[in-house]
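In case you want the letters, here they are:
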Amino acid sequence: MHRVGNAASEEILKEFIHDDFLLQSETARRLYHGYAASEPILDYHSHLPAAEIAADRSFQDLYEIWLEGDHYKWRVMRANGIPESCCAGDGAPYEKYLAWAHTVPFCLRNPLYHWTHLELKRYFGINQLLNENNAKLVWDRANSLLRSGELSAQGILRKFQVRVVCTSDDPCDDLSSHRAVNHAQNDFRVYPTFRPDKALAVQDPVAFNAWLAQLEAASNLSAPTLASFLNALKQRHDYFHALGGRLSDHGLSYCYALPCTERQAAAIFTKVRGGNSPSQEEQEQFASFLMLFFGRLDAEKGWTKQLHLGAIRNANTRRTLQLGPNTGFDSIGDWPQAATLCTYLNLLEQENALPKVVIYNVNPADNYVLATAVGNFQDGEIAGKVQFGSGWWFLDQKEGIEMQLNALSNTGLLSRFVGMLTDSRSFMSFPRHEYFRRVLCNLLGNEMKSGELPNDEQLIGNMVRNICFENAKQYLGLELAPASERRAEPVASV
């Protein structure tokens, strides 16, 4: 391990995270620096708390902004023998941070090693490989900058030229924070994303009915019947639209596409409303009925529907009961995806009610399945109407990004791709866009060098620029705030 103040350690990091990091050819370097690096960010899928943006949250220390809620880090810390008290448990903030600093040197070849040092450099100008020996220096340096106020929630959005953040929101959320941010004189916008996963969760009648009571309160509508339930959901969908929302999102193991008439759905709803558990088939029928309903709502308003497919969630029951969901006990699933996805999209297409759709895959074995499925439903009117989305969750690292880009390129149009997103709960995750852009430019630049792509920098560079920002801007139709001429001052390196 390298010690605090060790010149060799600092030099190693300068050679590691440098201007041409991940860029293996001169062509790749020209693409990145000339076309990608300066593009603003449109982060159209995240889990950032809108309330913290509205309040312009200030972070007291590196734990708060960096480790709080980060299940990526918790997973590798557990694998490194770190006790749960220092992961998602009740350990003191500095104790948890030291446990992470101890773990970082063991993360070589894990993408967290790249992300950790990109984040330290981009946010705090820290040019050292994090380890136990320099942990205190890094902690003090980062905390000093955090307490200066420059790296508040809103300050971070400005620093990274974030033009739009789209959050993930339950239909019952009041969205007051989104309204507050967008009514202020900001050079960014925060829009809600309609995520009605709990509307499908009829397998637990107690939880479903408790959520339904919240929906009734939010919509100010009683929902004793299926028809009134759908009306309440539509009212909330309208409310999201009125506040600028133009996206929905669903986290599904696989698409639901069982036949289900309105009468059958009404019977299932009545059964659950009465506190009785539906069968597995009834659960899927009800979900299938609702997913078609939500698709129609999105199509009517010109929204974009996002489908996140294939994850096994909360696989460790004991730990999930102890710590709750989203604490690092999820993994890649292996459900058949092709038939149900195509059936679902086709049912909407037959009604002329297929909205724009972005499909995210978490299982690399399904990349070509989903990449070819999207080609079945392009309509010749909206360019890239159905998208094979960016590498997601376990695949948002270099290899996973390249696999997604290759599958998309080989079966569709990379030039129409809407690009990267953070999918994060952390304000420290915006360098993920830089990481993606470097991987993209390296892939294209190397193919230009080898003659697989024409050596036309402007042709390829314009495609890069579009993938970084312009495609998403045009495709999603979100209103942008006027761009500020202000740019954050670079942070001095240590």
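Below or above, wherever it landed, is the structure these notes cover. (Residues numbered from 1 in each chain as written. Predicted model: local features only at pLDDT ≥ 70, side-chain atom pairs only at ≥ 80, totals over all residues. Heavy atoms only, no water.)

1. Quick notes on the sheet that holds strand S2 (residues 162-166)
The strand order across the open sheet formed by three strands is S1-S2-S3, and the pairing between neighbours is parallel. Edge positions in the sheet fall to strand S1 (41-43) and strand S3 (189-191), since each of these pairs with one other strand and no more. With direction set aside, neighbouring strand axes in the sheet form an average angle of 10°. Sheet analysis places S1 next to S2, joined by three bridges and oriented parallel. Within S2, the position partnered with Leu42 by the bridge is Val164. Sheet contacts for helix H21 (residues 457-476): S1 and S2; angle to S1, the most-contacted strand, approximately 50°. (Pairing = 2+ DSSP bridges. Helix = DSSP H or I, 4+ residues; strand = E, 2+ residues; numbered from the N terminus. Axes fitted to C-alpha atoms, helices over the stretch in contact; angles between N-to-C directions. Contact = heavy atoms within 4.5 Å.)

2. A short note on the environment of Ala223
Of note, Ala223 is situated in the loop between helix H12 (205-219) and helix H13 (226-242). For Ala223, a relative accessible area of 0% translates into the label buried. Linking Ala223 and Ala213, residues ten residues apart in sequence, is a C-alpha distance of 8.5 Å. Setting aside residues up to four positions removed in sequence, Ala223 forms contacts with Leu212, Glu216, Ser228, Phe229, Phe269 and Arg273. (Buried < 20%, exposed > 50% of the residue type's maximum accessible area, 1.4 Å probe, protein only.)

3. Structural notes on the packing of aromatic side chains
For the structure on display, the rule yields 27 aromatic pairs. Ring centres of Tyr97 and Trp139 lie 4.9 Å apart, and the angle between their planes is 40°; this geometry places the pair in the tilted category. Separated by 42 residues along the polypeptide, Tyr97 in helix H6 (residues 93-103) and Trp139 in helix H8 (residues 135-147) bring together distant segments of the chain. For the pair Phe194 and Trp303, a centre-to-centre distance of 6.4 Å together with 70° between the ring planes defines the contact as edge-to-face. Residue Phe194 is found in strand S4 (residues 193-194), and its partner Trp303 is found in the loop between helix H15 (280-301) and strand S6 (304-309); the two are separated by 109 residues along the sequence. You'll find Phe194 and Trp303 in the same group, each marked buried. One aromatic cluster in this structure is built from Phe194, Phe240, Phe293, Phe294 and Trp303. One residue, Lys356, lies across the ring of Tyr475, its end atom 5.2 Å from the ring centre. The ring of Trp115 carries Arg432 above its face, with NZ or CZ at 3.8 Å from the centroid. (Phe/Tyr/Trp six-rings, centres within 6.5 Å; stacked < 30°, edge-to-face > 60°. Lys NZ or Arg CZ within 6 Å of the ring centre and 35° of its normal.)

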